Amino acid sequence: MVSGCASRRKVVEAPSPPPPFQLAPELRRQRVAYYGTEEPGTIVVNVSERFLYFVEEDGMATRYGVAVGEEGLTFKGRAKIGRKAEWPSWTPTANMIKRKPHLAKYAAGVPGGENNPLGARALYLYRNGRDTMFRIHGTNEPWLIGTAVSNGCIRLTNEDIIDLYERTPTGAPVLVI
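Below is a summary of the structure that appears in this document.

About the criteria used
- Residues numbered from 1 in each chain as written.
- Predicted model: local features only at pLDDT ≥ 70, side-chain atom pairs only at ≥ 80, totals over all residues.
- Heavy atoms only, no water.
- Phe/Tyr/Trp six-rings, centres within 6.5 Å; stacked < 30°, edge-to-face > 60°.
- Helix = DSSP H or I, 4+ residues; strand = E, 2+ residues; numbered from the N terminus.
- Buried < 20%, exposed > 50% of the residue type's maximum accessible area, 1.4 Å probe, protein only.
- Lys NZ or Arg CZ within 6 Å of the ring centre and 35° of its normal.
- Salt bridge = Lys/Arg side-chain N within 4 Å of Asp/Glu carboxyl O.

**A word on the packing of aromatic side chains**
Argument step 1. A full pass over the atoms with the stated rule returns four aromatic pairs.
Argument step 2. For the pair Y34 and Y53, a centre-to-centre distance of 6.1 Å together with 45° between the ring planes defines the contact as tilted. Taken together, the residues span a long stretch of sequence, with Y34 in the loop between strand 1 (30-33) and strand 2 (43-46) and Y53 in strand 3 (residues 51-55) at a distance of 19 residues.
Argument step 3. Judged by relative accessible area, which is 15%, Y34 ranks as buried.
Argument step 4. With relative accessibility at 12%, the residue Y53 sits in the buried group.
Argument step 5. Judged by centre distance (6.4 Å) and plane angle (65°), the rings of F51 and Y53 are edge-to-face. An identical accessibility class is assigned to F51 and Y53; each is buried.
Argument step 6. Of the aromatic side chains, those joined through ring pairs into one cluster are Y34, F51 and Y53.
Argument step 7. The cationic tip of R83 hangs over the ring face of Y124; the distance from NZ or CZ to the ring centre is 3.9 Å.
Argument step 8. Across from the ring centre of Y165, 4.3 Å away, lies the NZ or CZ of K84, which sits over that ring.

**Things to note about the pattern of salt bridges**
Argument step 1. Under the criterion given, the structure shown has nine salt bridges.
Argument step 2. Its salt-bridge partner being R121, residue E86 comes within 3.9 Å of it at the nearest N-O pair. Linking E86 in strand 6 (residues 77-86) with R121 in strand 7 (residues 121-127), this pair joins segments that are 35 residues apart in sequence.
Argument step 3. Residue E86 is classed as partly exposed on the basis of its relative accessible area, which comes to 48%.
Argument step 4. Its salt-bridge partner being R135, residue D131 comes within 2.7 Å of it at the nearest N-O pair.
Argument step 5. On the accessibility criterion, D131 (30% relative accessible area) is partly exposed.
Argument step 6. Linked by salt bridges that have partners in common, R29, R31, E56, D160, D163 and R167 make up one network.

These results come straight from atomic positions and should not be treated as a statement about function.
Encoded structure:
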């Protein structure tokens, strides 16, 4: 007599994890022709286009897709990179908490790390030697790239801010239009 090895248990395969988030092709970092008048080494952020350009030699730039500030909250004009930080801490400003009371729970600050809203790196915008409180920084919400959602800062994917951070010295000029 042959005994069977079949089981009456139902075999259930574990669900596969969702695929990693993919930026739309136009929002991915790419080298493009640059027709502006800014000098190489300048960061130009075009808020309406939702692109940041790192100006290079020979009429070229590296273009990054970005998330920008909500209407009325965006920094405009010229600044310089006054400070740089890896895995920066974050504390919402009093104005942020006033606009969005749910941020009050973070009033004591959030230490740097993967769950921090500033992401992997931050470039701090200064004007006339003073911190503007605006940043170019990473994000742990890459699906928001290409939108206007922040409290005024410019967000890049963590991979892109690491690339930009490595290329940008303290004192580099920034133009936000």
